[in-house]
Amino acid sequence: MSEENNHVNIELRSEEIQDILTRAPKWMIQWGNSILILIILVAFMLSYIIKYPDVITGKALISTKTPPVYIISKVNGRIGNLIVQNGQTVEIGGIIAEIDNPVSFSSIQYLESFLESAKNFLKDPKNYQFNFDEKINLYDATPNYLDLKNLLEEYQFFLFDKSAAQKLVELKFKRDSYLKLKEITIRETELNKADLEFAEGKFKMKEQEFKQGLISQFDFLNAQYTYNQSLISQESIKKSIIQMDITRANYQSEINDFTQSRIAEIRTYKDEISGLISSLQNYIIRWNNDFTIRSPANGRLDYLGRVKVNQLIDSGDRLFAIVSPASEYEVELEITSAGFGKVKVGQEVKLKLDNYPYNDFGFINAKVIGLPVLPNKDVYKLKVELTNGLNSSYDIDIKYSPEMMATAEIITEDLRLVERLFSNLRSVFEN
């Protein structure tokens, strides 16, 4: 065995074998150096072409100059109905959702319409009809609704009761009849005045004749009687006129009392009806505050988190946000003090949105437009503006949602690889 090993070692150490092992092929010598130089040149060119920017990272918040309006639950309850869907446009005062409750929204709508009709009836009751819903369920407001319904029916009957109107017509007719009768009696007085003057003249003549003894006492007394009767008739007519004035005044007083009584009753009806209307309107206000969620502004509705029907909510929960339409975006960028000295106005910023993965949607382009003078709790807040809105580097229009968070990369120096290499070497040698 040892002899075989010695034989192999002798062969490997022979001059022929060593000559073969140490001799390099000519093509390797010729092409190897060229390929090595080419690789070095390509690497140098790539290091010159490829840029490796110097980046400072921070956290950014994208919002609008008109900030979103947040809608907070006022009560504990359960969402009964979602009227406006996520992303739809809403108007101020519009109902977004209903909280589960014993009174339906359609019942409240009917009540609002009914109260509006009642107010119009109070303004102009002529030829006005009501459509009463006997089956309406207003829960604890039902008694007030029924009272108002009955009161409106009573008031309508009171206003258009023909017997009351007929009574007023009769009273006015009697009053006016006595006025006409008085006018006739006054004319009769004028006629009787002539008879009185004739009787008075005849009496005076008979009186002179009696004194002169030309006529008997009987003729004188007969003339006196005739004159007295004319006086009595004249006074009787005057008395009749006074009585007519009194009767006419009584009728006028009765008319006034009747009219004032109706005015007072009308005022009472109106006050009671207005009070019930006000009470039911307050009920609607309470119902809206407790059981509806309404939009406080115009804009697009965004759900904050998961919002669905039958979801339990607590007072103080943030449920929705109203994003103002056509509002400009603004960006609040925070960085630490490390590297702040490299940041300058006009530098490019890349915003990688948390909710939109960078690899799928790209980044949002922005630039620095303002620098703070002093930090706030070791944090610098920079002013940044979007250069192309929410259109990403992949040409995708990102849908805005309130308080969009992003990772910000501020490109302070867009260096080439070769520049960065020499820069690092310089810092090594100088330090």
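Located above this text is the structure these notes cover.
Residues numbered from 1 in each chain as written. Predicted model: local features only at pLDDT ≥ 70, side-chain atom pairs only at ≥ 80, totals over all residues. Heavy atoms only, no water.

Caption draft 1: Structural view of the packing of aromatic side chains. Applying the stated criterion across every chain, the model contains twelve aromatic pairs. Aromatic pair Y110 and F114: ring centres 6.1 Å apart, planes at 20°, arrangement stacked. Residue Y110 and its partner F114 are both found in helix α4 (residues 105-123); the two are separated by four residues, about one turn of the helix. For Y110, a relative accessible area of 19% translates into the label buried. For the pair Y356 and F361, a centre-to-centre distance of 5.1 Å together with 85° between the ring planes defines the contact as edge-to-face. Ring-pair connections join several aromatic residues into one group, and the members of that group are F121, Y155, F158 and Y269. (Phe/Tyr/Trp six-rings, centres within 6.5 Å; stacked < 30°, edge-to-face > 60°. Helix = DSSP H or I, 4+ residues; strand = E, 2+ residues; numbered from the N terminus. Buried < 20%, exposed > 50% of the residue type's maximum accessible area, 1.4 Å probe, protein only.)

Caption draft 2: Examining the pairing of strand β5 (residues 95-99) more closely. Summarising burial for β5: five of the five residues are buried, a large majority. In the sheet, strand β3 (residues 77-82) pairs with β5 via three bridges, with the strands oriented antiparallel. When the sheet's bridge partners are listed, N81 is paired in β5 with E98. Note: β5 against strand β6 (residues 292-294), three bridges, orientation antiparallel. Looking at the pairing, E98 lines up with T292 of β6. (Pairing = 2+ DSSP bridges.)

Caption draft 3: Spotlight on the packing of helix α5 (residues 142-159) against helix α7 (residues 217-291). As a packed pair, α5 and α7 sit with axes 10 Å apart at the nearest point and diverge in direction by 155°. On the basis of their axis angle, the class for α5 and α7 is roughly antiparallel. Crossing of α5 against α7: the hand is left-handed. In this structure, α5 contributes N144, Y145, D147, L148, L151, L152, E154, Y155, F158 and L159 to the contact, and α7 contributes R262, E265, I266, Y269, K270, E272, I273, L276, I277, S279 and L280. Across the contact of α5 with α7, the residue classes break down as 13 nonpolar, two polar and six charged. (Axes fitted to C-alpha atoms, helices over the stretch in contact; angles between N-to-C directions. Parallel < 35°, antiparallel > 145°, perpendicular 65-115°, else oblique. Left-handed = near helix turned anticlockwise from the far one by under 90°. Contact = heavy atoms within 4.5 Å. Nonpolar A, V, L, I, M, F, W, Y, C, P; charged D, E, K, R; others polar.)

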